[in-house]
Amino acid sequence: MAKHGKLQTSIEYAAAKFVLTAVGALPIKQSMRSGQFLGRIAYLFTRELRRTGDINLRLAFPEKTSDQRRKLLKRCFESLGRELGLFSHFPKNSGKSVLSVVEAEGLEHLQAAKRKGGVMLFTAHLGAWELTSFGVSLLGHPLSFLVRRIDNPEIERLVDSYRTSAGNRTLDKLSAARSMVKILRSGDVLGLLFDLNALEDEAIFVDFFGVPASTNFMTAKLALRLGTPIIPIFAPWDSKREKYLLQIGPPVEVERSGDEEEDVRRLTARLSKLFEEKIRCYPDQWLWIHKRWKTRPKGEPSIY
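Residues numbered from 1 in each chain as written. Predicted model: local features only at pLDDT ≥ 70, side-chain atom pairs only at ≥ 80, totals over all residues. Heavy atoms only, no water.

1. Focus: the layout of surface pockets
The computed volume of the largest pocket comes to approximately 1800 Å³. Of all the elements in the fold, those that place two or more residues in the lining of the largest pocket are α1 (2–24), α2 (28–45), α4 (66–87), β2 (119–123), α6 (131–138), β3 (144–147), α7 (153–163) and β5 (189–193). At five residues, the largest contribution of residues to the lining of the largest pocket is made by α4. Here the residues of the lining of the largest pocket are counted per class, giving 28 nonpolar, eleven polar and eleven charged. Within this model, the second largest pocket holds a volume of roughly 220 Å³. (1 Å grid on protein atoms, 1.4 Å probe; cavity = no way out; pocket = protein on both sides within 12 Å on 5 of 7 lines; lining within 4 Å. Points joined across faces, edges and corners; volume = space filled by probe spheres on them. Helix = DSSP H or I, 4+ residues; strand = E, 2+ residues; numbered from the N terminus. Nonpolar A, V, L, I, M, F, W, Y, C, P; charged D, E, K, R; others polar.)

Following this line, the structure appears as structure tokens:
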């Protein structure tokens, strides 16, 4: 079994390396179009992911028809493929070709916050979320950001080399609690992605598209305890301009009542609502194939 596992690891790595190299060998816009094509193929052959996406879209958009939701899901796969094409160019010429398909908006919000100390940048799995860290680094603001390590260690090393090729640093989200505090107290930038399903011991339930969702509260807790500003950043694709919009917003207002538990709940709900509003603007670009509502309040049946 161990040998088979090693063989499988090597085969998966070879496949991932081939795809990234082949797609990345093209000019960047062709790479993104090729990625979209691969996304369409993936849609056809991933029945379980389509099932998850259909359930999620029915929860989030009950007012839409089945055909409308199906078209959204197809475009979701295309969006993921487009990001793959973009990602394949990260290590080329230190990622400079990436800037040719990016328009940054609101960089002054990050610059102003950095002058006062540590900053939390938070985003969602929307559009090219890898760009929300890589693009900021290309613009002169390298950061550390949390990731879930990929189970295949060879693919993890490959992906990490792409993510860090412009000066960023990745942190394993499973063991990063102390590092997060240290980074913020030292005045640096920390990137966080907390829009996916969270385990019960690190989450609270707040509404997401009107359905209670298990949501990580760490962003809110750090902001309240350390006084660190929270700045939203997203990278949706704009089909008219044919560019990714690196949208950096002003800091989220943090309210304190003296009841930390309630303050954390309110701020987490507010961040979740901010995610939702941005997703509603670009409904075909979020990660609908993820089981967002997998963890349920006690006594509730499984959604999936």
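2. Some thoughts on the packing of helix α9 (residues 218–226) against helix α10 (residues 260–281)
In the contact formed by α9 and α10, the axes pass within 8 Å of each other and the chain directions differ by 125°. One finds that α9 runs oblique with respect to α10. As α9 packs across α10, the resulting crossing turns out to be right-handed. Here Thr219, Ala220, Lys221, Ala223, Leu224 and Arg225 of α9 come into contact with α10, specifically with Glu260, Asp263, Val264, Leu267, Thr268 and Leu271. For the contact of α9 with α10, the class distribution of residues is six nonpolar, two polar and four charged. (Axes fitted to C-alpha atoms, helices over the stretch in contact; angles between N-to-C directions. Parallel < 35°, antiparallel > 145°, perpendicular 65-115°, else oblique. Left-handed = near helix turned anticlockwise from the far one by under 90°. Contact = heavy atoms within 4.5 Å.)

3. What about the state of the cysteines?
Evaluated as defined, the whole model comprises zero disulfides. No disulfide involves cysteine 76; its sulfur sits 17 Å from that of cysteine 281, the nearest cysteine. Judged by its relative accessible area of 1%, cysteine 76 falls in the buried class. For cysteine 281, a relative accessible area of 54% corresponds to the exposed category. (Disulfide = S-S within 2.5 Å. Buried < 20%, exposed > 50% of the residue type's maximum accessible area, 1.4 Å probe, protein only.)

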